[in-house]
Structures are given as structure tokens and as C-alpha cells.
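Chain by chain, the residues:
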Amino acid sequence: AYPGGDRLGERLAEAQIRQRAQEVRPLRVLFLGSLTRRKGIRTLLKACEQLERGKIELTIIGSQTAEPRYARQIQAYIDRLKSNFPIKVLKAVPATALPEQLRAQDLLVVPSSYEGFGIVYLEGMAFGLPAIATTCGAAHETIRHGQNGFLIGMGDSPTLARHLRELAANRGRLLSLSL
């Protein structure tokens, strides 16, 4: 698409990805997408509820204007969950700030009910982020289950929780998916 090219700039080097994956701290999970029903944020939040305290930190970046009523419901859900684990909500960030956010995360999770292509997964992978998406839509064209991320069924928060738990506990597995 015009103007084409790379809007995110310099990626992480392999050494930086290795260092990030081996840090001893909670797993940093990023959701990047508008807060709409289709993007699957509720599935992610339900999965996070199933995890032990202190295992993850969640960052949510996305516009809340497309479905404002739904976004308010999700924000109320997030407010209830904040006592269980850290959640940072950034309504939208300019393209110039996105690389910094991608560098700071360990994993990208956007469990949409449909993605025609899902460029967000490629953008995350360019920064060494494994991706978790659903089998709906075209995510399977980018994500190779077990190689650079995981594919789950739509709305399957128990399986998503299992993958999050695994990656939080097994940094070697996180590293192999990241590379």
C-alpha cells in the first residue's frame, strides 16, 4: 500500500531478543488492535484470569472509538482484573512510539475472530515477538503453530491460558519461538 516501505524502523538484533527472553520477570504480553468484539480481547482477558498472580504483565494498545460501548465494557472488565496482575492500557500510540512498545514485550496476542491478513503479527515478529492468534482468517499463513507462535480456536481462553503459562515458565521455549 502507498507509500509502502517499513514504517517501524530498526528491529531487534538476535542478541537483544536472547537477552529479553532470558530476563527473570513476568511475561510481557501485548494486545495490539482496536477494542472491538472481532479482535478477541475478551478471550485474552479470560485467559489471563486463569493464570497465577505475578506470571504476566499485559499491555493493551488500541483505539476505543470503533465500538465505544464495547470498549467501555472491556475497560470495566480490565478495572476488575487489575488487582490480579498489571495491565497497562494505551488507547492509541503514534507509529513513532510503536517500535518502543514492541521492543519491550515478549509475546503478541491478538485472538481475533477474523483477520484478512493480520499485518500486526508480522510487525510483532519483526521485533522477535511470537504471536498467538486464532485459526479463523489468514493468521495461519503467517503463524506456524509451535514454530513462531500458536494458533488457537476462536474464544478458546483455556488453551490460550495454557500457552501463556508455558511461555511464562519456560523462557527457553519463548526464545526458540522468538528467534
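Relevant structure appears above.
If you're wondering where the values come from, they're calculated on a predicted model, not measured in any experiment.

Locating T134 in the fold gives a position in strand β5 (residues 131-134). We classify T134 as buried; its relative accessible area is 1%. Side-chain polar atoms of T134 contact the backbone oxygen of S112, separated by 2.5 Å. For T134, the residues in contact, after removing those within four places along its chain, are P111, S112, A139, L151, I152, G153 and M154.

Here the focus is the pattern of salt bridges. Throughout the structure, instances matching the rule amount to 7 salt bridges. The salt bridge partner of E57 is R28, with a shortest N-O separation of 3.8 Å. Here E57 is found in strand β2 (residues 56-61), whereas its partner R28 is found in strand β1 (residues 27-32), with 29 residues between them in sequence. Here E57 falls in the partly exposed class, since its relative accessible area comes to 27%.

The next point concerns the sheet that holds β5. Taken in spatial order, the 6 strands of this open sheet run β3-β2-β1-β4-β5-β6, and their pairing is parallel. Here the strands that pair on one side only, and so sit at the sheet edges, are β3 (87-90) and β6 (149-152). Shown here is a sheet whose adjacent strand axes are inclined to one another by a mean of 20 degrees, direction ignored. The pairing of β2 with β3 spans 4 bridges and is classified as parallel. Paired with I61 across the strands is L90, a residue of β3.

Definitions and cut-offs
- Position numbers for residues count from 1 along each chain, tracking the sequence in the order it is written.
- Per-residue local features are limited, in this predicted model, to residues with pLDDT of at least 70; the limit for side-chain atom pairs, both in listing and counting, is 80 or more; totals at the level of whole chains, interfaces and linings are taken over all residues.
- Derived side-chain values reflect all non-hydrogen atoms in the structure, with water molecules and hydrogen atoms excluded from consideration.
- Helix numbering and strand numbering both begin at the N terminus, where a helix is a DSSP run of H or I of at least 4 residues and a strand a DSSP run of E of at least 2.
- Per-residue accessibility, obtained with a 1.4 Å probe over protein chains only, is compared with the maximum for each type, and a residue is labelled buried under 20%, exposed over 50%, and partly exposed between these values.
- Here a polar contact is recorded for every N or O atom pair within 3.5 Å, except that within protein the pair must consist of a potential hydrogen donor and a potential acceptor, and residues adjacent in sequence are included only if both atoms are side-chain atoms.
- Throughout, a residue-residue contact means that at least one pair of heavy atoms, one from each residue, lies within 4.5 Å.
- Here, a salt bridge means any Lys or Arg side-chain nitrogen found within 4 Å of an Asp or Glu carboxyl oxygen.
- Paired strands, as defined in this entry, are two strands with at least two bridges between them according to DSSP.
- Note on geometry: axes are lines fitted to C-alpha atoms, helical ones only across the stretch in contact, with angles between N-to-C directions running from 0 to 180 degrees.

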